Amino acid sequence: MSDVPSRVVLREVGPRDGLQNEPPVPTPAKVELIDALGGTGLAEIEAVSYVHPRAIPQMADAAEVWAQVSPREQISYSALVPNLVGTRRALESGFTELEVVVSASRTHNLRNLNRTPEESLDAIAEVIDVVHQAGARCQVIVATAFGCPYEGELEESGVLAVADRAVAHGADSVCFGDTTGMGSPPRVTRVLGGFRERHPDVPVALHLHDTRGTGLPNLVAGLQVGVDRFDASVGGLGGCPYAPGAAGNVATEEVVYLLHELGVETGVDLDALLEVAELAERIVDRRLPSRLVRSGPRTRLTPA
């Protein structure tokens, strides 16, 4: 496939974005999943979230999980933080890669964070300052970047304005989130293409959900405008507790399979990743939406 990055970086978000949408998973099982993902060749893993236990009880054991993980040198582990309190907890735990979220949608941001987007961006400026003072890095995730379940279509200029403010506050990178799978390839092209035109030197990532079956087409659209960093979730774990009907993230193994078929390198061992997807199913005790777990890659033949 011409005119796309020859190699991409995948961030595995199943341990955080995936498990926060499941009934609480025991700490040892979370540690087992993170360590197993570490053996697949993934470059980045979003391990935990330092949110208040009342907001997301599934992440209440973040510090305990991280204390028991066996980090691998070649992997960048990150944590999601909601505010300064969570930021300081993550930094004290030793994280040097943090993420903070703001929704492009006013209604979704109020439901998710009990703040307007403007108030969130003001707070994010403080978070970024604290993170940088600690010698760490902070990514701003712009949620509902391609549509809101409460407000519907959002003006692309408004979405980009939120991202502009994040960059102005010193964000080290920006990730655009299709929180409920409302994105389409043309919209991904316009939003991501617009951001790259405005901020060609700022790393940009794409966080996709497969609610309406458009996750992989949207990924290809991102590739075609030069995006080389994507979030995905093993087995297709995920959703959004503040967005009714949101399905899981694009499945990491399906993303890897597609990228390899397109000739794009990921550094990920697909067979090893499929084994971890089966582990994830056992941990949550249900069948996950990944089709590749059922079918296997096309090289898996049926005995004659």
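All figures in this text were calculated on a predicted structure; none of them were measured in a lab.

Analysis parameters
- Residues numbered from 1 in each chain as written.
- Predicted model: local features only at pLDDT ≥ 70, side-chain atom pairs only at ≥ 80, totals over all residues.
- Heavy atoms only, no water.
- Helix = DSSP H or I, 4+ residues; strand = E, 2+ residues; numbered from the N terminus.
- Rg over C-alpha atoms; globule rule 2.2 N^0.38 Å.
- Buried < 20%, exposed > 50% of the residue type's maximum accessible area, 1.4 Å probe, protein only.
- Contact = heavy atoms within 4.5 Å.
- Areas by Shrake-Rupley, 256 points an atom, 1.4 Å probe, with all protein chains shown as cover.
- Lys, Arg positive; Asp, Glu negative; His and termini not counted.
- Charge placed at Lys NZ, Arg CZ, Asp CG, Glu CD.
- Axes fitted to C-alpha atoms, helices over the stretch in contact; angles between N-to-C directions.
- Parallel < 35°, antiparallel > 145°, perpendicular 65-115°, else oblique.
- Left-handed = near helix turned anticlockwise from the far one by under 90°.
- Salt bridge = Lys/Arg side-chain N within 4 Å of Asp/Glu carboxyl O.
- Pairing = 2+ DSSP bridges.
- Patch = residues over 30% accessible without salt bridge, like charges linked within 9 Å, V, L, I, M, F, W, Y side chains within 5 Å.
- Right-handed = clockwise from strand over helix to strand, strands pointing away.
- Polar contact = N/O pair within 3.5 Å; in protein donor to acceptor, adjacent residues only side chain to side chain.
- Phe/Tyr/Trp six-rings, centres within 6.5 Å; stacked < 30°, edge-to-face > 60°.
- Disulfide = S-S within 2.5 Å.

(A) Just the overall build of the chain, in detail. Along its length, the chain carries 12 helices and 8 strands. By the compact-globule yardstick of 19 Å for 304 residues, the chain fits well, its C-alpha radius of gyration being 18 Å. Along the longest, intermediate and shortest principal axes, the C-alpha atoms of the chain span 60 × 45 × 35 Å. When burial is assessed residue by residue, the chain has 56% of its 304 residues classed as buried. Restricting to contacts in the chain with at least 6 residues of sequence separation, those with at least 24 account for 73%. By element, 49% of the accessible surface of the chain is carried by carbon and sulfur atoms, the whole surface being about 12,600 Å². Averaging the locations of the 26 positively and 41 negatively charged side chains of the chain gives two centres separated by 3 Å.

(B) Region of interest: the packing of helix α9 (residues 215–224) against helix α10 (residues 252–261). Remark: α9 packs on α10, axes separated minimally by 11 Å, with the N-to-C direction vectors making an angle of 50 degrees. Classified by the interaxial angle, the pair formed by α9 and α10 is oblique. Of the two possible hands of crossing, α9 and α10 adopt the one that is right-handed. Residue-level contacts link Leu 216, Leu 219, Val 220 and Leu 223 of α9 to Glu 254, Val 255, Leu 258 and Leu 259 of α10.

(C) Representation of the pattern of salt bridges within the structure. Following the criterion strictly, the structure yields 18 salt bridges and no others. For Glu 22, the salt bridge goes to Arg 286, with nearest N and O atoms at 2.6 Å. With Glu 22 in the loop between α1 (14–18) and α2 (27–37) and Arg 286 in the loop between α11 (270–284) and α12 (291–295), this pair connects stretches of sequence that are 264 residues apart. Between Arg 137 and Glu 97 there is a salt bridge, with the nearest N and O atoms lying 3.4 Å from each other. Remark: Glu 97 occurs in strand β4 (residues 97–103) and Arg 137 occurs in strand β5 (residues 137–143); sequence separation between them is 40 residues.

(D) Region of the structure containing the sheet that holds strand β8 (residues 229–232). Taken together, 8 strands build a closed barrel; the order of strands is β1-β2-β3-β4-β5-β6-β7-β8 and the barrel is parallel. Strand-to-strand twist across the sheet, computed as the mean angle between neighbouring axes with direction ignored, equals 30 degrees. Examined bridge by bridge, strand β3 (residues 76–80) and β4 share 2 bridges and lie parallel to one another. Bridging across to β4, Ala 79 finds its partner in Leu 98. Across the sheet, helix α6 (residues 117–133) lies against β4 and β5, angled at about 170 degrees from β4, the strand it touches most.

(E) Quick peek at a negative patch on the surface. Residues Asp 269, Asp 271, Glu 275 and Glu 278 make up a contiguous surface patch of negative charge. With respect to the secondary-structure elements, Asp 271 resides in helix α11. Looking at Asp 271, the relative accessible area reads 52%, which means it is exposed.

(F) Spotlight on the pairing of β3. Most of β3 sits out of view: 4 of its 5 residues are buried. Once you follow β3 into helix α4 (residues 84–92) and on to β4, the crossover reads as right-handed.

(G) Highlighting helix α5 (residues 106–113). Regarding α5, its N-cap is Ser 105, as a side-chain oxygen of that residue lies 3.4 Å from the backbone nitrogen of Thr 107 further along. Once α5 ends, the next one or two residues include Asn 114, with phi positive near 60 degrees.

(H) Highlighting the packing of aromatic side chains. This model, assessed by the stated rule, comprises 4 aromatic pairs. Ring geometry for Tyr 50 versus Phe 95: centroids 6.0 Å apart, planes at 75 degrees, classification edge-to-face. Taken together, the residues span a long stretch of sequence, with Tyr 50 in the loop between β2 (44–49) and α3 (62–68) and Phe 95 in the loop between α4 and β4 at a distance of 45 residues. Both residues of the pair, Tyr 50 and Phe 95, belong to the buried class. With a centroid separation of 5.3 Å and an interplanar angle of 75 degrees, the aromatic rings of Phe 176 and Phe 195 are classed as edge-to-face. One end of the pair, Phe 176, is in strand β6 (residues 173–177); the other, Phe 195, is in helix α8 (residues 185–198), with 19 residues separating them in the sequence. Through a chain of ring-to-ring contacts, the aromatic side chains of Tyr 50, Trp 66, Tyr 77 and Phe 95 assemble into a single cluster.

(I) Examining the side chain of Thr 252 more closely. Along the chain, Thr 252 falls in helix α10. Taking the relative accessible area as the measure of exposure, Thr 252 reaches 1% and is therefore buried. Side-chain polar atoms of Thr 252 contact the backbone oxygen of Ala 232, separated by 3.5 Å. Sequence-distant contacts of Thr 252, that is, excluding residues within four places in its chain, are made with Glu 12, Leu 42, Ala 232, Ser 233, Val 234 and Leu 273.

(J) Structural view of the state of the cysteines. Tallied over the entire structure, the rule returns 0 disulfides. Considering cysteine sulfurs only, Cys 175 is the nearest to Cys 138, which forms no disulfide, with 12 Å between them. For Cys 138, a relative accessible area of 1% gives the class buried. The buried category is assigned to Cys 175, whose relative accessible area is 0%.

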